[in-house]
Amino acid sequence: MTHMPPSASTALDWTASAVFRFLLAASILFLILPVVVSVVLSFDDRQFLGPFPPKQFSLRWYRSFLDNPAYLDGLIVSLKLAVLSTVISTVAGACAAYVIASGRWRGRDTVELLFLSPKFVPTVVIGFSILGFASAIQVFDPFTRLIMGHVVITIPFTVRATLASLVGIRRSLVEAAISLGAPPWRAFLDVTLPLARTGIVAGALMAFVLSFDEVAVSLFLSDAFTQTLPIALVAEMRANLNLTVAAVSTVFAAVTILIVFFLDRAIGLDRVIGQGLYRG
Amino acid sequence: MRQPRLSAFQCALLAPGAILLAVLLVAPIALMAVESFRPFVGGRVGAGAGWTLRNYTELIEPAYAFYFYDTFRIGFIVSAIALLLATPLAWQAARTKRRAVRVSIFGLLIGLLFMSLVARLYAIQMTWGTNGPLAFFGTLIGVPARSAGYAAIQVAIGLLHFVVPMSAIILIGTFQNISPRLEEAAASLGAPRWRVALTVTLPLAAPGLLSAFMIAFAMCISNFVVPLILGRGVVLFTTNLMYVRFSDVANFPSGAAIGVIMFALAGFVIYFMTQLVRWVSPEAQS
């Protein structure tokens, strides 16, 4: 291969870069196009689901969303559920992450594995097992069951995000506070907590989004009277295809753009992803 | 060196989370494992008395084993394509000199992670489904959008949309940790770019590519929503089978057996992955 004439080598170089560009474009289009199509369709004026693109535009599907009590009830349940489980899992997760990051102690690896493990357990298994467990301990209230499930699936994310931000905090700062006479809880509240704030906020944000969008766990743990918004949407999508869901999706997309914008302002997108040694 | 014990204050901080997980994760899964060995009594909620292996042996029958096969087959193909689509995206984000390009790709990936999967799946149905502007793709590959076989294609597309952003984010970390100096050195010694990519970058990125593939695979086979919405009832994953066993037939012990197998499989994939990464790059463990 070393004796290849330079012209063949250049041709290969050209092909490789063409393939790279093609794949890059394909992957960006693949990710963006569906979102664009559904946003455009959500403003469709037709009563039925017609071919793309629509000829006339209106806000009828947004009105139909607001007129449907099932969606609004679902939205309220989802918001209450997401707020409550986020608070619980953020407090429990951030406190645990602080101890896990505080140096080497006996049993640390096991505890860390326990806290991150819900991430690796399929969500159906979590929903199914909690349903069986809840009826075994006589808990039949759907909202309580939903909280139980959502706390479990969100904890690993709050632990991880807090751990990541704690790694950057120098231990000497905490030790300085303690050597100056602060009790450990004071050092925790006044030194560690403010420094770990971005990680805790990022973890809480992820927990909220995850809980708000969860389907598998909620499908097992909800009942006909207490339904979350995603469950109501899935039921609608499976029953009849109309464009109300497109309107909801567009609202979701808009909220997502706001979240990304907020993340970029608050933390910087570079910091959210890139922690590598050699960035471009 | 003996490792120190925790102080009372540290134990108090650890307690809430540890108790929550013991009660809400460990205990339910243990109970599920016990239930999976109970016989199924029709017309009754919960399990019967006595012990049996029937819930496991019936899963080996071809009718059920097929669901496992289908889940793994689609998961494998999707993870492979996901690597193909995520690599250029991650490479561009990690190596570009322009901040605007990098931040746009980051924004796209993070936005997709935060955007509701239900909404994205709906968008995919609108775009790739029977009436959608991209439905011709099915005819192109010989599986028309109206045919039953297209359900599997749609499930694959939905899973891809789910795992490509995750894979790309993992790979961005991988590429950022490969020094551009090595590539520059190889290039300055006269190696053409395709050779640099093949003989310098690829081996260095191998552990990252492998773990991205395995994480994508684990996420695909444990997914529930994508086949539920896009599978049209034709494509059922093991996860969906578990839900059907429980919701339609009220066969709790059988669902529990599937749950135990999926739990074990998830554990195996994670273990296999860490071993594989360790084997490919022993120095990464330090």
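What counts and what doesn't
- Sequence order sets the numbering: in each chain, residues are counted from 1 along the sequence as written.
- Think of it this way: whatever chain is written first is A, whatever ligand is written first is 1, and the rest follow in order.
- Two thresholds apply to this predicted model, a pLDDT of at least 70 for residue-level local features and 80 or more for giving and counting side-chain atom pairs, whereas whole-chain, interface and lining totals are computed over all residues.
- Under the DSSP-based scheme used, a helix requires at least four consecutive residues in state H or I and a strand at least two consecutive residues in state E, with every element numbered from the N terminus.
- Three exposure classes are used. Buried residues have 20 or more other C-beta atoms within 10 Å of their own C-beta, exposed residues have 12 or fewer, and partly exposed residues fall in between, all C-beta atoms being placed from the backbone.
- We call two residues in contact when their backbone-placed C-beta atoms lie within 7 Å.
- As used here, a nonpolar core is made of buried Ala, Val, Leu, Ile, Met, Phe, Trp, Tyr and Cys residues. They are joined through C-beta atoms within 7 Å.
- Between the first and last residue of a helix there are one fewer steps than residues, each counted as 1.5 Å, and that sum is the expected span.
- Gly is placed with the polar residues, together with every amino acid not listed as nonpolar (Ala, Val, Leu, Ile, Met, Phe, Trp, Tyr, Cys and Pro) or charged (Asp, Glu, Lys and Arg).
- Convention adopted: a line fitted to C-alpha atoms gives each axis, helices being fitted over their contacting stretch, and angles between N-to-C directions are expressed from 0 to 180 degrees.
- Should an angle fall under 35 degrees it is called roughly parallel, over 145 degrees roughly antiparallel, and 65 to 115 degrees roughly perpendicular, with every other angle called oblique.
- Note on convention: near helix rotated counterclockwise from far helix by under a right angle means a left-handed crossing. Clockwise means right-handed.

Some words on the overall build of chain A
At step 1: For chain A, the count of helices and strands is 13 helices and 0 strands.
At step 2: Along chain A, helices and strands appear, N-terminal first, in the series α-α-α-α-α-α-α-α-α-α-α-α-α.
At step 3: A buried classification covers 43% of the 280 residues belonging to chain A.
At step 4: At a minimum sequence separation of 6, the contacts of chain A that also span at least 24 residues come to 74%.

As for the environment of Asp67 of chain A
At step 1: Relative to the assigned elements, Asp67 of chain A resides in helix H2 (residues 60–67).
At step 2: Along the sequence, Asp67 of chain A and Val99 of chain A sit 32 residues apart, while their C-alpha atoms lie 49 Å from each other.

Comments concerning the nonpolar core
At step 1: Residues Ala96 of chain A together with Ala86, Ala90, Val163 and Val225 of chain B are the most contacted members of the largest nonpolar core, which totals 157 residues.
At step 2: Every residue in contact with Ala96 of chain A, bar those within four places of it in the chain, is listed here: Phe115 and Val159 of chain A together with Leu13, Leu14 and Gly17 of chain B.

Points about helix H5 (residues 123–136) of chain A
One full turn of an α-helix is made of 3.6 residues, so residues set three or four places apart face in the same direction.
At step 1: Compared with an ideal rise of 1.5 Å per residue, which puts 14 residues at 20 Å, H5 of chain A spans 20 Å between its outermost C-alpha atoms and is within 8% of the ideal.
At step 2: The element H5 of chain A is largely enclosed, with a buried count of 12 among its 14 residues.
At step 3: Those residues of H5 of chain A that fall on the buried side of the exposure criterion are Thr123, Val124, Val125, Ile126, Gly127, Phe128, Ser129, Ile130, Leu131, Gly132, Phe133 and Ala134 of chain A.
At step 4: Check the buried side of H5 of chain A and you find it contacts helix H6 (142–167) and helix H10 (216–221) of chain A together with helix H1 (8–35), helix H11 (238–247) and helix H12 (252–280) of chain B.
At step 5: With its phi angle positive at about 65°, Gln138 of chain A sits one or two positions after the end of H5 of chain A.

Describing the interface of chain A and chain B
At step 1: Tallying the contact residues gives 84 residues for chain A and 83 residues for chain B.
At step 2: Looking at the side of chain A that touches chain B element by element, the count peaks at 17 residues for helix H1 (residues 6–41) of chain A.
At step 3: Here the side of chain A that touches chain B is built from residues that sort into 64 nonpolar, 14 polar and 6 charged.

Remarks on the packing of helix H7 (residues 171–179) of chain A against helix H8 (residues 184–195) of chain A
All names here are of chain A.
At step 1: One can describe the packing of H7 onto H8 by two numbers: an axis separation of 9 Å at closest approach and a directional angle of 135°. Overall, the two elements H7 and H8 adopt an arrangement that is oblique. Crossing of H7 over H8 shows right-handed handedness. Taken together, the residues of H8 that come into contact with H7 (itself represented by Leu173, Val174, Ala177 and Ile178) are Pro184, Ala187, Asp190, Val191 and Thr192.
At step 2: Considering only residue class, the contact of H7 with H8 consists of 7 nonpolar, 1 polar and 1 charged.

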